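A look at the structure
Each chain, letter by letter, is given below.
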Amino acid sequence: MAVITWLRRRTLAAIDSEMEDDRDRYDALFHQVVQSENNVLQELYSLVAAKASTLQAEKARHFHRRKTTAGEANPAFSSEFVVQGDPSFCGLPFERTTTCIPMTRDFKNPIKSLDQLYTQGKFAWMIMREFLKQVALDHRGKFKSRFGGEPVLWSEVACKDDADSLIAWPPLKSMGRAVEKCIRIYGDDVSRVTDVVRMSILFDTVADLLACLKAIGRNNEVEILRIKNKFDTGYNDPLKSGFRVLHLNLCFHSRKAALLGVENHVCELQMGLVEFAKVSSEVGHRRYVRNRNMLGI
């Protein structure tokens, strides 16, 4: 056992040394950001801290809808949710029953099926992508290019017929990694895997990022469940990667999300800066994954 412990520590030290160059580059970039946009960063810190103080971590999970009690009418069959001939209606059978109430959560009944998360995720992915395209249009947001190189400013290509094909839209999280997280981190609790659907949006400045975050906070069809600010100088990164990004866990409470039965599906949004994305590399990501695996997270 002592030998295994020694080998593990030695490997971790080697990986940490390999990541040092990446960390130095990210730290240098962040220093520039602090120098040029310190006031905006301070506003971002305050906004995130204020929002985080109102959130309950236990609610940032996947829950079933609440079921009706005896004699309770179900709004799922009101005109708000059932429109004759509406092509957007496609209720999921495991939620679309006479007893499940849209836009509600049963906090005593978390989802326990990974298959259900992935079925919901396919629909939630489409809703999140459409939401992000509008957000990017309004706030000079950019997405990673499918062909590499400079991120794509969405407002410059949105009107093109092939706009979606220019973007490297991320797929659903691999089932293997979801199982890893479920076992390593969450004690086999499927409901805590909140990044089956995850996407990112990039900005040239922290000011643009902040404006976008404020707009998301004002949107009545979006619920922020958790927020993690890696732009905070006091953030303790267990992986010590140096990468700076704002993490949000969101639910989309639009009518379409309710019709599809996915208004409670928790998604992850990463809001970052273009310059950090340019420094990021496949080699650096592989080092990050190795470090994460050695730490068992």
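Just so we're clear, the structure is a prediction, and the values are computed from it rather than from any experiment. (Residues numbered from 1 in each chain as written. Predicted model: local features only at pLDDT ≥ 70, side-chain atom pairs only at ≥ 80, totals over all residues. Heavy atoms only, no water.)

Attention now moves to the overall build of the protein. When you go through the protein residue by residue, the secondary structure sums to eight helices and six strands. Along the chain direction, N to C, the helices and strands of the protein fall in the order α-α-β-β-α-α-β-α-β-β-α-β-α-α. Looking at the protein residue by residue over its 297 residues, the buried ones come to 45%. Restricting to contacts in the protein with at least 6 residues of sequence separation, those with at least 24 account for 74%. (Helix = DSSP H or I, 4+ residues; strand = E, 2+ residues; numbered from the N terminus. Buried < 20%, exposed > 50% of the residue type's maximum accessible area, 1.4 Å probe, protein only. Contact = heavy atoms within 4.5 Å.)

Within the protein, residue pLDDT values average 85, and 77% of them lie at 70 or more. Counted against residues more than four places away or in other chains, residues 82-97, with its pLDDT under 50, gives 37 contacts. (pLDDT = per-residue confidence, 0-100.)

Right, let's get into the nonpolar core. With 52 residues, the main nonpolar core has Leu44, Ile216, Leu248, Leu269 and Met271 as its most contacted residues. For this core, the secondary-structure elements that each account for two or more residues are α1 (2-52), α2 (114-138), α3 (154-157), β3 (198-203), α5 (206-218), β4 (222-229), β5 (246-252) and β6 (267-273). By size, the runner-up hydrophobic cluster in this structure holds nine residues, among which are Ile111, Leu114, Val193 and Val196. (Core = buried A, V, L, I, M, F, W, Y, C linked by side-chain atoms within 4.5 Å.)

Here we come to the packing of aromatic side chains. Applying the stated criterion across every chain yields a total of eight aromatic pairs. When the centroid spacing of 5.9 Å and the interplanar angle of 15 degrees are considered together, the rings of Tyr26 and Phe276 count as stacked. One end of the pair, Tyr26, is in helix α1; the other, Phe276, is in helix α7 (residues 274-279), with 250 residues separating them in the sequence. Through successive ring pairs, a cluster of aromatic residues spans Tyr26, Phe243 and Phe276. Seen from the ring of Phe30, Arg244 lies directly overhead, with NZ or CZ sitting 4.0 Å from the centre. (Phe/Tyr/Trp six-rings, centres within 6.5 Å; stacked < 30°, edge-to-face > 60°. Lys NZ or Arg CZ within 6 Å of the ring centre and 35° of its normal.)

Turning our attention to the pairing of β6. Across the seven residues of β6, six count as buried, placing the element largely inside the fold. In this sheet, β6 lies alongside β3 in parallel orientation, the contact comprising six bridges. The residue bridging Phe203 from the neighbouring strand is Leu273, located in β6. Both β5 and β6 contribute to a ladder of five bridges, which runs antiparallel. By the bridge assignment for β6, His247 is matched with Gln270. (Pairing = 2+ DSSP bridges.)

Because the α-helix completes a turn every 3.6 residues, residues three or four places apart line up on one side. Looking at helix α4 (residues 175-184), one finds that the buried residues are Arg177, Ala178, Lys181 and Cys182. With its buried residues spanning 140 degrees around the axis, α4 presents them on a single face. (Arc of directions from axis to C-beta.)

Another aspect to go through is the environment of Gly148. Position of Gly148 among the secondary structure elements: in the loop between β1 (142-143) and β2 (152-153). A relative accessible area of 42% means that Gly148 is categorised as partly exposed. In this structure, the C-alpha to C-alpha distance between Gly148 and Ile167, residues 19 residues apart in sequence, is 9.5 Å.

This paragraph deals with unusual backbone geometry. Its identity as a non-glycine residue notwithstanding, Arg140 has a phi of 55 degrees, on the positive side. Summarising the element assignment, Arg140 is placed in the loop between α2 and β1. A positive phi angle, near 70 degrees, is found at Asp188, a position not held by glycine. Within the secondary structure, Asp188 is located in the loop between α4 and β3.

This brings us to the pattern of salt bridges. Tallied over the entire structure, the rule returns 20 salt bridges. Between Asp189 and Arg61 there is a salt bridge, and its shortest N-O distance comes to 3.1 Å. Here Asp189 is found in the loop between α4 and β3, whereas its partner Arg61 is found in the loop between α1 and α2, with 128 residues between them in sequence. In this pair, the class of Asp189 matches that of Arg61, namely buried. For the salt bridge of Lys133 with Glu130, the shortest nitrogen-to-oxygen distance reads 2.9 Å. Of this pair, Lys133 and Glu130 both sit in helix α2, three residues apart, roughly one helical turn. Of the residues examined, Lys133 reaches a relative accessible area of 11% and is grouped as buried. Overlapping salt bridges bring together Glu58, Arg61, Asp189 and Arg192 as one network. (Salt bridge = Lys/Arg side-chain N within 4 Å of Asp/Glu carboxyl O.)

When you line up the elements, Tyr186 lands in the loop between α4 and β3. You can call Tyr186 partly exposed: its relative accessible area is 22%.

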